[in-house]
Amino acid sequence: MEKHTKRPASIKRRSIDKKIAIASGVAIAVTLSGSVIAIAQTGAGGSEERPQAAAGTPTPPSIPGNFVPGPESMASPPPVTSPNRKPPSNPFSTGRERPAPNDPDLRGDKRGAKPKMPKAKGLPGFKPADSGAKITKLEKVGASLYDVTIATPALGTEVKTRVLFPKSWKSKTTKTWPVVYAFHGGNNRYTSWTKDSNIRQVAAGHDVMVVMPEGGWNGSYTNWWNDGKGGIPQWENFHIKEVIPLMERNFHAGSSRAAIGLSSGGQGAITYAQRYRGLFKYAASYSGALNITAPGMPTVFMQLNAAAGDDIWGDPVRDRANWKAHDATVMVSRLKGVGVYVSSGDGRVGPYDDPDMEPLHAGRVGEQFSGYMATRFVNAAKQAGVPITANLYGPGTHKWAYWKRELVRSWPAITAAIGATKVGVRDSE
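Summarised in this report is the structure supplied together with it. (Residues numbered from 1 in each chain as written. Predicted model: local features only at pLDDT ≥ 70, side-chain atom pairs only at ≥ 80, totals over all residues. Heavy atoms only, no water.)

Here we look at the pattern of salt bridges
Logical step 1: Under the criterion given, the structure shown has 14 salt bridges.
Logical step 2: For aspartate 207, the salt bridge identified is with lysine 175, shortest N-O distance 3.4 Å. Taken together, the positions of aspartate 207 in the loop between α4 (199–203) and β5 (209–213) and lysine 175 in the loop between β3 (157–164) and β4 (177–183) put the pair 32 residues apart, joining distant regions of the chain.
Logical step 3: A salt bridge links lysine 399 to aspartate 353; its shortest N-O distance comes to 3.6 Å. Placement of lysine 399 in the loop between β9 (389–394) and α10 (400–418) and of aspartate 353 in the loop between β8 (339–345) and α9 (362–384) is noted, with a sequence separation of 46 residues between them.
Logical step 4: Each of the salt bridges in this network shares a partner with another, and the network as a whole consists of Asp310, Arg318 and Asp319. (Salt bridge = Lys/Arg side-chain N within 4 Å of Asp/Glu carboxyl O. Helix = DSSP H or I, 4+ residues; strand = E, 2+ residues; numbered from the N terminus.)

So, in structure tokens, the structure goes:
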């Protein structure tokens, strides 16, 4: 994998980038009241004239790199103007969780610290990851559902990963199972997929494991920049170099993997597939942040991530190379050979929304941004000749009702790519 070091840009480049950033900020005219700040890590954008697909429609066809959104699709960030009345406080969320007390994203005193194994005793009989990360607790929380506590040097603390096992799973076997790694959205936790979605019902029809790691309250599925020093939190290292090996060494997780995610988790699913080519056979993003360097978006993310400052990806001008190194649209050519599903609404009121939803409701604003970025990602895939499946379904906001529908639509392609057989159908073994 490429290393992206902090390099001073030329005076000319900095001047151009600053003008772009300033112009984009003016063009967006986003009023970040308390309600809109709750969009943090939610994605962004808007495609204007895509027809609404009915909830019962079949999965959209694969697109051989030639999908072009409608002629009125936005080529610039959607303008957001202040309404006459104040929007309701904190109307947007990807769930109802609260951050963990030890969430490394919120521990400013630990940010940038050298990765260090927390003091914790590993469970006997469980193998550690190469980093030293180890399993310290295993708790059954439902039928075939377990919470795995992991002591991780990448985060400097203990965090949990939820694992859904297929009914056929056995501890004493040499068999491995295909795996779907499911990443949650911002301002949520590892419990999100089983509390907020239909993942258990959807997965029940296939012989597949589903692994749902903690991704942090504001983690962004990256090793934080921290002024170029790196250090804690290292979410990418945790997911790729600790969670995956721990699952494979201790729970018979196989090497046939897919990554899926919503909102910031959608960004994580796609960029992990790009940054670790060959690791995942399929990647799916539902309303993901897929073009963080698109005109206007750095300004948006810097405001939404104000509490973290520029610690996540760095300064969008000075550290532009690192932003690009985590931008799914910039890296779209790296998806050749990977199955890809991308979906998003455009922020207009859709079939699962209150028809009286205010224009500045954060769920509408967040989906305008995600649709904007998704449109640019799909166009970039077309230009790069990367086949993808895209469903830019028009009316719809940033909420689970749409993501559950998109999970159902994308699931057949996901399971086919990783060779997950249907329950009751014997596999090749």
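That covers the picture; the talk isn't over yet.
Notes on the packing of aromatic side chains
Logical step 1: Going through the model one piece at a time under the given rule, you end up with 17 aromatic pairs.
Logical step 2: Note on tryptophan 193 and tryptophan 400: the rings are 5.3 Å apart at their centroids and 80° apart in plane angle, and the pair reads as edge-to-face. Note that tryptophan 193 is positioned in helix α3 (residues 192–196) and tryptophan 400 in helix α10, a separation of 207 residues in sequence. Tryptophan 400 matches tryptophan 193 in its accessibility class, with the two residues each being buried.
Logical step 3: Put simply, the rings of Phe126, Tyr146, Phe165, Trp169, Trp177 and Phe251 touch in pairs and so form one group of aromatic residues. (Phe/Tyr/Trp six-rings, centres within 6.5 Å; stacked < 30°, edge-to-face > 60°. Buried < 20%, exposed > 50% of the residue type's maximum accessible area, 1.4 Å probe, protein only.)

A word on the sheet that holds strand β7 (residues 282–286)
Logical step 1: Taken in spatial order, the 9 strands of this open sheet run β1-β2-β3-β5-β4-β6-β7-β8-β9, and their pairing is mixed. Of all strands in the sheet, those bounded by a partner on one side alone are β1 (134–142) and β9. Adjacent strand axes in the sheet meet at a mean angle of 20° when their direction is disregarded.
Logical step 2: Helix α6 (residues 264–275) rests against β4, β6 (253–262), β7 and β8 of the sheet, and its axis sits at about 140° to β6. (Pairing = 2+ DSSP bridges. Axes fitted to C-alpha atoms, helices over the stretch in contact; angles between N-to-C directions. Contact = heavy atoms within 4.5 Å.)

Side note on the pairing of β9
Logical step 1: Within β9, 6 of the 6 residues are buried, which leaves it mostly tucked inside the rest of the structure.
Logical step 2: Bridge count for β8 against β9 is 5 bridges, and the pairing is parallel. For serine 344, the partnering residue across the bridge sits in β9 and is leucine 392.
Logical step 3: On the question of chirality, the crossover connecting β8 to the parallel β9 by way of α9 is right-handed. (Right-handed = clockwise from strand over helix to strand, strands pointing away.)

Overview of α9
Logical step 1: In this model α9 runs 33 Å from its N-terminal to its C-terminal C-alpha over 23 residues, within 8% of the 33 Å that 1.5 Å per residue would give.
Logical step 2: Burial runs high along α9: 18 of the 23 residues are buried.
Logical step 3: Following α9 by one or two positions, glycine 385 adopts a phi angle in the positive range, close to 70°. (Expected span 1.5 Å × (residues − 1).)

Concerning unusual backbone geometry
Logical step 1: Residue isoleucine 232 is joined to proline 233 through a cis peptide bond whose omega torsion reads 0°.
Logical step 2: Inspection of the secondary structure puts proline 233 in the loop between β5 and α5 (235–250).
Logical step 3: Positive phi values are uncommon outside glycine, yet tyrosine 221 reaches one of about 55°.
Logical step 4: Summarising the element assignment, tyrosine 221 is placed in the loop between β5 and α5.
Logical step 5: With a relative accessible area of 3%, tyrosine 221 lands in the buried category.

As for the environment of isoleucine 270
Logical step 1: In this fold, isoleucine 270 is placed in helix α6.
Logical step 2: Setting aside residues up to four positions removed in sequence, isoleucine 270 forms contacts with Ala283, Ala284, Ser285, Leu290, Ala328, Leu335, Val340 and Phe377.

Section: the packing of helix α7 (residues 297–304) against α9
Logical step 1: With their axes 12 Å apart at the nearest point, α7 and α9 run at an angle of 140° to one another. One finds that α7 runs oblique with respect to α9. In terms of crossing hand, the pair formed by α7 and α9 is left-handed. Residue-level contacts link Met297, Val300 and Phe301 of α7 to Phe369, Tyr372 and Met373 of α9.
Logical step 2: Counted by class, the contact of α7 with α9 contains 6 nonpolar, no polar and no charged residues. (Parallel < 35°, antiparallel > 145°, perpendicular 65-115°, else oblique. Left-handed = near helix turned anticlockwise from the far one by under 90°. Nonpolar A, V, L, I, M, F, W, Y, C, P; charged D, E, K, R; others polar.)

So, the nonpolar core
Logical step 1: Core analysis: the largest hydrophobic core is formed by 68 residues, its most contacted members being Tyr181, Met209, Phe280, Leu335 and Phe377.
Logical step 2: For this core, the element with the most residues is α9, which contributes 9 residues.
Logical step 3: What phenylalanine 377 contacts, discounting residues up to four positions off in sequence, is Ile270, Gln274, Leu290, Ala328, Thr329, Val332, Leu335, Val340, Val342 and Ile388.
Logical step 4: The next biggest cluster of nonpolar side chains, apart from the first, holds 25 residues, and it includes Leu145, Val180, Ala284 and Trp400. (Core = buried A, V, L, I, M, F, W, Y, C linked by side-chain atoms within 4.5 Å.)

Keep in mind these values describe shape, not function.
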